[in-house]
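An overview of the molecular structure
Take a look at the letters that make up each chain.
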Amino acid sequence: MHRLPPPDASFEVADHRGAALLRGSLWRCSGGKPDSPAAWAIDCFLAVEAEAETSAFEEFHAVDVDDAVREILRYFVDNERDTRVIYFDGWNGFGASAVLRAVADEITSLRAQPKLHIDKVVHIDCSAWKSRRALQRVIAVELKLDASVMEDFDEADEEDDINEVDESSRCEILSVSAEISRALRDDRFIVVFHNGSGDEIDLLSFGIPPFTLFGAGMLLWTFGFWGRFGVREDVSEIKNKVKNTHLFLYSPRKYIGENFFLSVVRREATAIAATYSCLREMDPERIIRCCMFGLFLCLCFPQQSQNDWTDRASNYYWMCDGIIQADQAWEICDALSKEIKWDLHPGLRKELSHALIDSTDYNNGVCSKKLSKKPDGPQRPKWYPWITIITSNKILEIQHIQANNEEVSFYFLAPENQVVPLVLAEGLFNQSTNLHVLLLSHCVFSFSSPPFTVCENLRFLGLDHCIDSESGKPNDITKWKFLHSLWFLDLISTYWYQVFFKEIANLMVNLRELKVVGLDLPKNTSMESLPNNLSKARSLQVLVLDGCCGLEDVVLDGLPLSLKSFSLDGYRPALKRAPGVEMPTRNLRPSSVDSDMHVKTSKISLEGCIQLEKLFLRRLPNLVELDLSGTAIKILDFTSMVVKVSSLKRLFLLGCAQLRAIKWGDRYDLKLELLCIDTRPGIICPRPSVEENKYSLLVHAVIVDARLARSLLLLIKNNLHTRFDIHITSSTVYSKVVQHYVFEKKQQQYHDVITMDAPIQSFPQPPTTKSSYHIEISQGSHNLESELVLLSYPYYTLAHLMTYYANSLHVHDVSTSASMPGGCWRYLKWCRIERCPKLEVIFPTNSDDFNYLETIWVSDLLMARWIWTKGSRDLDSRWPPFQNLRHLQLRSCPRLQFVLPLWVSSFPKLETIHVIHCTDLRNVFVLDNEYPNGVEFPKLTSIHLHDLPMLRQICEVKMVAPALRTIKIRGCWGLRRLPVVAANGPRPAIEIEKDVWDALEWDDDLQSSFFQPPLHSHYYRKKLHRGSILRFVTLCVTRAAERGINHSRIDEIMRPDDVAL
């Protein structure tokens, strides 16, 4: 699978008049090897302008959608030779989407002009723009490509999550483009494209064949970035964006008219229902009602309002009023909120207000507005039960809202002048039995006895800059039962602390969203403990505390597990909030801060919020500790999610099973001292002591997906004094001790012949003392093989972390055939590899350095052939490897042929060689370059070799070990040569079978007298054929099992060297 990155350069070839003939892009492509030079790939195609030098702008005069459909189809038929690409602008943008869908439906239903001969209609609706990748996915779904293509998208998205690629920057996939091209190349087709990107898009790189005059494809498209319900003032602002098209169709109409307007709304509602699977069974009339409520807010809500109620009230009203009641209510609301966005230019707003809004301006200074239901005939107009009231009076009395009070489901009340707040009379809402949404701005009422406690059907309550009159007496707790039905509560700069008294807060059992913003919360009030008093709100999904700078600790110990979104912005509340649990985009966030705000928050704990996936924290200068343990966050982004937290020292991400990546941002913006990560589900490790941290950064991580190590590497490389302990596994046991099997005399009937004596069977315990830079890899690790590849900049993987930083490495119980990474192992001190049944090579040829390596401990590698492969090496002789190697210990590697290749003249610090149960081993060290004078081992003191029947000699060239003191050899029947020891020094002690000792080869440099008299087994008897035969048969059966050979075929199993048995 290949993805097209953004081009490094673009070019265009034009004729003498400046008209484009060719257009193309250049991509930088890296070679197969990390150090190979870069190459350039060129993508070139014929420009549409080469055939149609300029786009033709033409007015159309259709009176409705059906008329526009007929006109567009006529253009395609009558001008087929020179009109293959049409841009349709609708009526200043309005209705374009409805017309394009109607064209697609007309052609699909075979009612279109037969002369078009269209085989396929590719309808691409990307009005809600996400990315080029998302566009390509829509094309693939429309063409019904097979499931493997969808898997390519999922795989690419997951990889981009790991690589911290923003969703908006994700590009198309080359292999999918090829599949799309194959699906269309033999057909006549038309693409109907709703482009929501704001820029013209060439569909060629997505796999769609070019729309040439002699090609088989046609394109009808429109811009949709202003939305289905956005209307521009004129066409001038869009003309410059449309370049590569044959015909630009637009309407010169300045006034749309309410009848045509409402007919398009109805069509758009039908189109919305067809776009989302969750809406296809929904009555279109309900969707129309949702659209009209959005229009009501657009026309009637005060334009100067500083809150986001026009968006949120619109989205949530659909549920609050019962328009949407299905089990998928939240999903449906999220879908509708992406589509229903009203953006009308002032002229149209005025036109529609005059036609659809009933504005009653009473003589007493109260202005009431409501939206008309247009009748189909001469009947009397009806009104939607939504009312906004703006008054210049100081007091709003009951008689001002008496008309149809029982039917009203939505009220917005505000003073005309915000400087003078509006006083609400007692009993104002006594008749509002059907009220579902109540929004009060700059109003005065008793917080202890609010006038809306009688509204038992209230779902959404919003209070903006409201003031406590302090006039009422506290209500009986039973008077607050309206809170049972409350779903959404907005408190904007409103100190309504009474509602958070524990006994009152416990009544909000159905609360789904709480927004408390713009408050410097005072001490000694119930709001100081916010939000811990919300433990009974089992449905709470969204919690917003923007601007609540008085909260010192936000520890959600008792918060419901349903929480999905949390926001604490130290600037100010966002201008608008995104629908549902989504966060506002950056352009909707305030860019400046009130200098008088002093945010006190020092600790935030969202531990245990298992559904939390959306988070926003900003400008919290005193925040020291952030605990997100157990949350569902996938990407933790310190450039967009958690920003301006300069004092953050401790970050906990324990039990975060969904975590894929962490984006750290600028290295100077974050000064972490402790990072704890565990991505195993439901597993929480003990937290290290913070007080004992004497380094600048401690990293404790247990990660399941090896790709998360990329994020850890970027943090570690930017902190000079980092210490880390990283374990890559999905096992529920972090570190378990494996008891290695030790032979006992009583378990072997023929131990005196078949096995060695008990003392020689002991094997050194593995290194267990972790360094300050430790990496462990064990069973259950995911995506390990791809992360063991050392890629070139800018792609960092686990391989870089291992080779550049690790001091100690423990790999065990891993079913991978991939070797450890190549490259420079600069600081590795000990390496422990065990129980990896598929591993063939531990270190590949391109590995080098190992200057600090002291211990190699290897056990139970059934397929391993060598520890380090042979190969050409161009290494600096001033820094030869293994200069600090002290211990070489290997066990139970039956296919091992050699251990290390030789191209150095000395192992200056090697002290022990201990190798047992490696039946195919012929040499421990093999020659990789010529060293005629042999290889020196000046500090080698101990050699233990057992059960190595194929071993001929320890080193392929002369091995000089003047300090050797102990040699223990058993079961090495083919051994012919020992290391050269000092002739005049202390003689080494040697334990060896007599047959092997007698078969050794001696010369002037090495004589038997240089050793102490050999110690043979006390029970060894030369003539004991029983043991010899049994050992021979055992060896044959073992080799047959390893090679899959029938052990009855002894002639295929025997080797020439087996005669030594």
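Since we're looking at a predicted model, the values are computed, not measured. (Residues numbered from 1 in each chain as written. Predicted model: local features only at pLDDT ≥ 70, side-chain atom pairs only at ≥ 80, totals over all residues. Heavy atoms only, no water.)

Looking at the packing of aromatic side chains
In this description, a pair of aromatic rings is defined by centroid distance and the angle of the planes. Under the counting rule described, the total for this entry stands at 53 aromatic pairs. Considering the side-chain rings of F229 and W342, the 4.5 Å spacing of their centres and the 25 degrees angle between planes classify their relative orientation as stacked. You can see F229 sitting in strand 9 (residues 229-231) and its partner W342 sitting in strand 11 (residues 342-344), a full 113 residues away along the chain. The pair formed by F229 and W342 is uniform in burial state, with each residue classed as buried. An angle of 65 degrees between the planes, with centres 6.1 Å apart, marks the rings of F248 and Y250 as edge-to-face. With respect to burial, F248 and Y250 carry one shared label: buried. Members of the aromatic cluster, joined through ring pairs, are W825, F843, F850, W868, F882, F907, F925 and F937. For R512, the ring lying beneath its charged end belongs to W487, and the centroid distance is 4.4 Å. (Phe/Tyr/Trp six-rings, centres within 6.5 Å; stacked < 30°, edge-to-face > 60°. Helix = DSSP H or I, 4+ residues; strand = E, 2+ residues; numbered from the N terminus. Buried < 20%, exposed > 50% of the residue type's maximum accessible area, 1.4 Å probe, protein only. Lys NZ or Arg CZ within 6 Å of the ring centre and 35° of its normal.)

Observations regarding the pattern of salt bridges
Using the criterion set out here, one finds 40 salt bridges in the structure. The partner of D157 in a salt bridge is R137, with the nearest N and O atoms 3.2 Å apart. In this pair, D157 sits in helix 4 (residues 147-162) while R137 sits in helix 3 (residues 132-142), placing the two residues 20 residues apart along the sequence. D637 is the salt-bridge partner of K663, the closest N and O atoms lying 3.6 Å from each other. A residue pair is termed long-range when its members are at least 10 positions apart, and K663 in strand 34 (residues 661-663) and D637 in strand 31 (residues 635-637) qualify at 26 residues. Residue class for K663 comes out buried when judged on its relative accessible area of 12%. What makes D637 buried here is its relative accessible area of 6%. (Salt bridge = Lys/Arg side-chain N within 4 Å of Asp/Glu carboxyl O.)

Notes on the sheet that holds strand 4 (residues 56-59)
Strand order in the open sheet formed by six strands is 4-10-5-8-7-6, with parallel pairing between adjacent strands. Each of the sheet's edge strands pairs with one partner strand only, and the pair in question is strand 4 and strand 6 (120-126). Each strand of the sheet is rotated relative to its neighbour by a mean of 15 degrees, with strand direction disregarded. In terms of strand pairing, strand 5 (residues 85-88) meets strand 10 (residues 247-250) through three bridges, oriented parallel. Bridge pairing links F88 to L249 in strand 10. Across the face of the sheet, helix 2 (residues 96-108) comes into contact with strand 5, strand 6, strand 7 (189-195) and strand 8 (217-223) while running at roughly 160 degrees to strand 7. (Pairing = 2+ DSSP bridges. Axes fitted to C-alpha atoms, helices over the stretch in contact; angles between N-to-C directions. Contact = heavy atoms within 4.5 Å.)

Description of the pairing of strand 5
By the alternation rule, side chains of strand 5 split into V85 and Y87 and I86 and F88, which are all buried. Two strands pair when backbone bridges link them, and strand 5 and strand 8 are joined in this way by three bridges, in the parallel orientation. Bridging from a neighbouring strand, Y87 pairs with W221 of strand 8.

Re the packing of helix 1 (residues 65-78) against helix 2
The contact between helix 1 and helix 2 brings their axes to 9 Å, and the two run at 60 degrees. Between helix 1 and helix 2, the interaxial angle falls into the category oblique. Remark: the crossing between helix 1 and helix 2 carries right-handed chirality. Judged by residue contacts, V65, A68, V69, I72 and L73 of helix 1 engage A98, V99, A102, V103, E106 and I107 from helix 2. Along the lines of polarity and charge, the residues of the contact of helix 1 with helix 2 split into 10 nonpolar, no polar and one charged. (Parallel < 35°, antiparallel > 145°, perpendicular 65-115°, else oblique. Left-handed = near helix turned anticlockwise from the far one by under 90°. Nonpolar A, V, L, I, M, F, W, Y, C, P; charged D, E, K, R; others polar.)

Quick look at the environment of L964
Relative to the helices and strands, L964 resides in the loop between strand 52 (959-960) and strand 53 (966-970). Judged by relative accessible area, L964 falls into the buried class, the value being 0%. Put simply, L964 and L940 are 24 residues apart on the chain and 5.5 Å apart in space, counted from C-alpha to C-alpha. Sequence-distant contacts of L964, defined by excluding residues within four places in its chain, comprise L940, T941, S942, I943, P979, V981 and P988.

Observations regarding the side chain of D321
Residue position: D321 is located in the loop between helix 9 (309-320) and helix 10 (329-339). With near-sequence residues (within four places) excluded, D321 lies in contact with R289, S409 and H436.

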